[in-house]
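Okay, here's what each chain looks like letter by letter:
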Amino acid sequence: MRIEEIVEQIINTVKSDDFFNDVKIIKAYPNSNYPTRLGCDIVAVGLDEIQLCPRGIDELDNAGEISVFVDIFTPIRSEITRASEIFTRLCKCLYCYNLVSISAQRIVTDSERAAFVMKTKFTFNDEIEVV
């Protein structure tokens, strides 16, 4: 895996699943200063944490873990279970990677955006190329 490509790689994997045809998949960006109302389901992907170590003495290859956060936003007019459905499908999509752990927080309501929000995290173990 190349660090600078991991988020795009995850996004492309998720987009390739027909389940996500009506879901907007984006690279995460900092929160805006103004409230916006959601019109559709959104999945925002971003790099969370990287832990690297050399594979061996005098080796240039690194191995370690990469954690990616995947925040799920669903409009409040949808069922609260929609975020859980999206999370379950994300788990199936990302199973092809060398997953070490998956975590999810409780679904909360964001009244400014009129949305349900579920914050999740996927951690992978792999060789990591630093360019």
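Calculation rules
- Along each chain, the written sequence defines residue order, and numbers are assigned to residues from 1.
- For a predicted model such as this one, the threshold for reporting local features is a pLDDT of at least 70, and the threshold for listing and counting side-chain atom pairs is 80 or more; totals across whole chains, interfaces and linings nevertheless cover every residue.
- As a rule here, side-chain values come from all non-hydrogen atoms in the structure, and water together with hydrogens is ignored.
- Secondary structure counts use DSSP, requiring at least four H or I residues in a row for a helix and at least two E residues in a row for a strand, with both numbered from the N terminus.
- Partly exposed residues are those whose accessible area sits between 20% and 50% of the maximum for their type, while under 20% is buried and over 50% is exposed, using a 1.4 Å probe and protein chains only.
- In what follows, residue pairs with any heavy atoms lying within 4.5 Å of each other are defined as contacts.
- Per-residue and other accessible areas were derived by the Shrake-Rupley procedure at a 1.4 Å probe size, with only the shown protein chains allowed to occlude residues.
- Criterion for a disulfide: a pair of cysteine sulfur atoms within 2.5 Å.
- For Phe, Tyr and Trp, where Trp contributes only its six-membered ring, two rings pair if their centres lie within 6.5 Å, and the inter-plane angle classes them as stacked under 30 degrees, edge-to-face over 60, or tilted in between.
- Helix span, expected: 1.5 Å multiplied by one less than the number of residues in the helix.
- Of all possible arcs, the one meant is that of the directions from the helix axis to the C-beta atoms.
- Note on terminology: a nonpolar core comprises buried Ala, Val, Leu, Ile, Met, Phe, Trp, Tyr and Cys residues joined through side-chain atoms within 4.5 Å.
- The salt bridge definition used is simple: a Lys or Arg side-chain nitrogen within 4 Å of an Asp or Glu carboxyl oxygen.

Peer 1: It is not clear to me how the overall build of the protein chain should be interpreted in this structure. Could you clarify?
Peer 2: A tally of helices and strands in the protein chain yields two helices and six strands. Counted from the first residue to the last, the protein chain has its helices and strands arranged as α-β-β-β-α-β-β-β. Classification of the 131 residues of the protein chain by burial places 39% in the buried group. Across the protein chain, every contact between residues at least 6 apart in sequence was considered, and the portion connecting residues at least 24 apart equals 65%. In the structure as shown, the protein chain presents an accessible area of about 8,000 Å², 48% of it carried by carbon and sulfur atoms.

Peer 1: Could you clarify how one ought to interpret the state of the cysteines in this entry?
Peer 2: In protein structure, a disulfide is the covalent linkage between the sulfur atoms of two cysteines. Scanning all chains against the criterion turns up zero disulfides. Not engaged in a disulfide, the cysteine Cys91 finds its nearest cysteine sulfur in Cys93; these two sulfurs lie 9.5 Å apart. Looking at the unpaired Cys96, the closest cysteine sulfur is the one in Cys93, lying at 7.9 Å.

Peer 1: Quick question: what am I supposed to make of the packing of aromatic side chains here?
Peer 2: For any pair of aromatic rings, the description consists of the separation of the ring centres together with the inter-plane angle of the planes. The tally for this structure, following the rule as stated, stands at three aromatic pairs. A ring pair is formed by Phe19 and Phe20, whose centres lie 5.0 Å apart and whose planes are at 80°; its orientation type is edge-to-face. You can call Phe19 partly exposed: its relative accessible area is 26%.

Peer 1: Before we go on, may I ask you to explain helix α2 (residues 81–93) in this structure?
Peer 2: Because the α-helix completes a turn every 3.6 residues, residues three or four places apart line up on one side. Between its terminal C-alpha atoms α2 stretches 19 Å, which fits the 18 Å expected from 13 residues at 1.5 Å a residue. Buried within α2 we find Arg82, Ala83, Ile86, Phe87, Leu90 and Cys93. Summarising the axial view, the buried residues of α2 lie within an arc of 140°, below the 170-degree limit, and thus occupy one face.

Peer 1: Just to check I follow, could you spell out the nonpolar core for this structure?
Peer 2: One recurring pattern in soluble globular proteins is that nonpolar side chains are buried together. Counting 24 residues, the largest nonpolar core has Ile10, Phe20, Val43, Val45 and Leu90 as its most contacted members. Elements represented by at least two residues in this core include exactly α1 (6–15), β2 (42–54), β3 (62–75), α2 and β6 (115–128). By size, the runner-up hydrophobic cluster in this structure holds seven residues, among which are Ala44, Phe73, Ala115 and Val117.

Peer 1: Please explain the pattern of salt bridges as it appears in this structure.
Peer 2: Any two side chains of opposite charge can pair, given that their charged atoms come close. Applying the stated criterion across every chain yields a total of nine salt bridges. The partner of Arg82 in a salt bridge is Asp41, and the shortest N-O contact between them spans 2.8 Å. Here Arg82, found in helix α2, pairs with Asp41, found in the loop between β1 (24–27) and β2; they are 41 residues apart in sequence, far enough to count as distant. Put simply, Arg113 and Glu112 hold a salt bridge, and the shortest N to O gap is 3.9 Å. For Arg113, a relative accessible area of 16% corresponds to the buried category. Residue class for Glu112 comes out partly exposed when judged on its relative accessible area of 47%. It is possible to trace a salt-bridge network through shared partners that takes in Asp41, Arg82 and Glu85.

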